[in-house]
Amino acid sequence: MGRFARWRRMVRAQGHRLRWALRGAEEPDTSAGPAPSLNRLGALVEGFAAGQPVHWTLAGQPRPLPGAVDATAYRIIEESLTNAHRHAPGAPVAVRLRYDATGITIEVRDDGAGAAPPGGDAGRGLTAVRRRAERIGGTFSAGPRPGGGFLVRAVLPAPEEVAE
């Protein structure tokens, strides 16, 4: 395959990713109230901790994130906590945020029984946040943990030089 053909294929692939990212950034948030943001993480965790032990940790140096990344990170945590509350009531939940030079990694794990019960609709919310993460160029995974519980993990891009 010639150099031009490889270049054209790469441009098409990147253009496709860029269109999805821009579409996600333009997507209006139809929820009422303040915009989703990691600045409100304490209040979010506090709301869930009333009926379930939730512990969150932060690694790395927090910094402002692009709006789409900030909102996506918040929604991933919100959906993960909602699923833990629904499918692992009372089980301890751990939320971990790690900032590094390339972006932010989010992990939410519970010590519950594992996967959602058959016939449940938990997959819809996880599918939605997976799409959000992928639209901005991130990765997303969710599933049962070995030995029990459930893990949601997302890596979202937000390079330090463009995060502000």
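Bear in mind the structure is a predicted one, so any value in this text is a computation, not a measurement.

Draft legend 1. Structural view of the overall build of the chain. In terms of regular secondary structure, the chain is built from 4 helices and 5 strands. Reading the helices (α) and strands (β) of the chain from amino to carboxyl end gives α-α-β-α-β-β-α-β-β. Here the chain holds 164 residues, and the buried ones make up 37% of them. Across the chain, contacts joining residues at least 24 apart in sequence account for 71% of those joining residues at least 6 apart. Surface accessibility of the chain: about 9,700 Å² in total, with carbon and sulfur atoms responsible for 55%.

Draft legend 2. Spotlight on the pattern of salt bridges. In this structure the tally under the stated criterion is 4 salt bridges. Residue aspartate 100 is joined to arginine 98 by a salt bridge in which the shortest nitrogen-to-oxygen separation is 3.2 Å. By relative accessible area, which is 26% here, aspartate 100 ends up partly exposed. The shortest N-O distance in the salt bridge between aspartate 111 and arginine 145 comes to 3.0 Å. Here aspartate 111, found in the loop between β3 (103-110) and α4 (122-135), pairs with arginine 145, found in the loop between β4 (139-144) and β5 (150-157); they are 34 residues apart in sequence, far enough to count as distant. By relative accessible area, which is 44% here, aspartate 111 ends up partly exposed. By relative accessible area, which is 23% here, arginine 145 ends up partly exposed.

Draft legend 3. How the structure looks around helix α2 (residues 41-49). For α2, the full list of buried residues reads Leu41, Leu44, Val45 and Phe48. Taken around the axis of α2, the buried residues stretch over an arc of 95 degrees, which confines them to a single face. Along α2, exposed side chains directed more than 90 degrees from the buried face belong to Ala43, Glu46 and Gly47. For α2, the elements touching its buried residues are β1 (54-59), α3 (67-87) and β2 (93-100).

Draft legend 4. A look at α3. The end-to-end C-alpha distance of α3 is 30 Å, a good match for the 30 Å that 21 residues give at a rise of 1.5 Å each. With respect to burial, α3 is a largely interior element, 15 of its 21 residues being buried.

Draft legend 5. Examining the packing of α2 against α3 more closely. Contact geometry of α2 with α3 gives a least axis separation of 11 Å together with a crossing angle of 5 degrees. The orientation of α2 relative to α3 falls into the category roughly parallel. Residues Leu41, Leu44, Val45 and Phe48 of α2 lie in contact with α3, whose contacting residues are Tyr74, Ile77, Glu78, Leu81, Thr82 and His85. Its residues placed into classes, the contact of α2 with α3 shows 7 nonpolar, 2 polar and 1 charged.

Draft legend 6. Region of interest: the environment of glutamine 52. Examined against the element boundaries, glutamine 52 turns out to sit in the loop between α2 and β1. On the basis of relative accessibility, which here comes to 3%, the residue glutamine 52 falls in the buried class. Through-space distance from the C-alpha of glutamine 52 to that of alanine 84 is 9.0 Å; in sequence the pair is 32 residues apart. Once you skip the residues sitting within four places of it in the chain, glutamine 52 turns out to touch Ala84, His85, Ala88, Pro89, Gly90, Ala91 and Val93. A polar atom in the side chain of glutamine 52 sits 3.4 Å from the backbone oxygen of alanine 84.

About the thresholds
- Residues numbered from 1 in each chain as written.
- Predicted model: local features only at pLDDT ≥ 70, side-chain atom pairs only at ≥ 80, totals over all residues.
- Heavy atoms only, no water.
- Helix = DSSP H or I, 4+ residues; strand = E, 2+ residues; numbered from the N terminus.
- Buried < 20%, exposed > 50% of the residue type's maximum accessible area, 1.4 Å probe, protein only.
- Contact = heavy atoms within 4.5 Å.
- Areas by Shrake-Rupley, 256 points an atom, 1.4 Å probe, with all protein chains shown as cover.
- Salt bridge = Lys/Arg side-chain N within 4 Å of Asp/Glu carboxyl O.
- Arc of directions from axis to C-beta.
- Expected span 1.5 Å × (residues − 1).
- Axes fitted to C-alpha atoms, helices over the stretch in contact; angles between N-to-C directions.
- Parallel < 35°, antiparallel > 145°, perpendicular 65-115°, else oblique.
- Nonpolar A, V, L, I, M, F, W, Y, C, P; charged D, E, K, R; others polar.
- Polar contact = N/O pair within 3.5 Å; in protein donor to acceptor, adjacent residues only side chain to side chain.

So, to be careful, I would describe these as geometric facts and stop short of saying anything about function.
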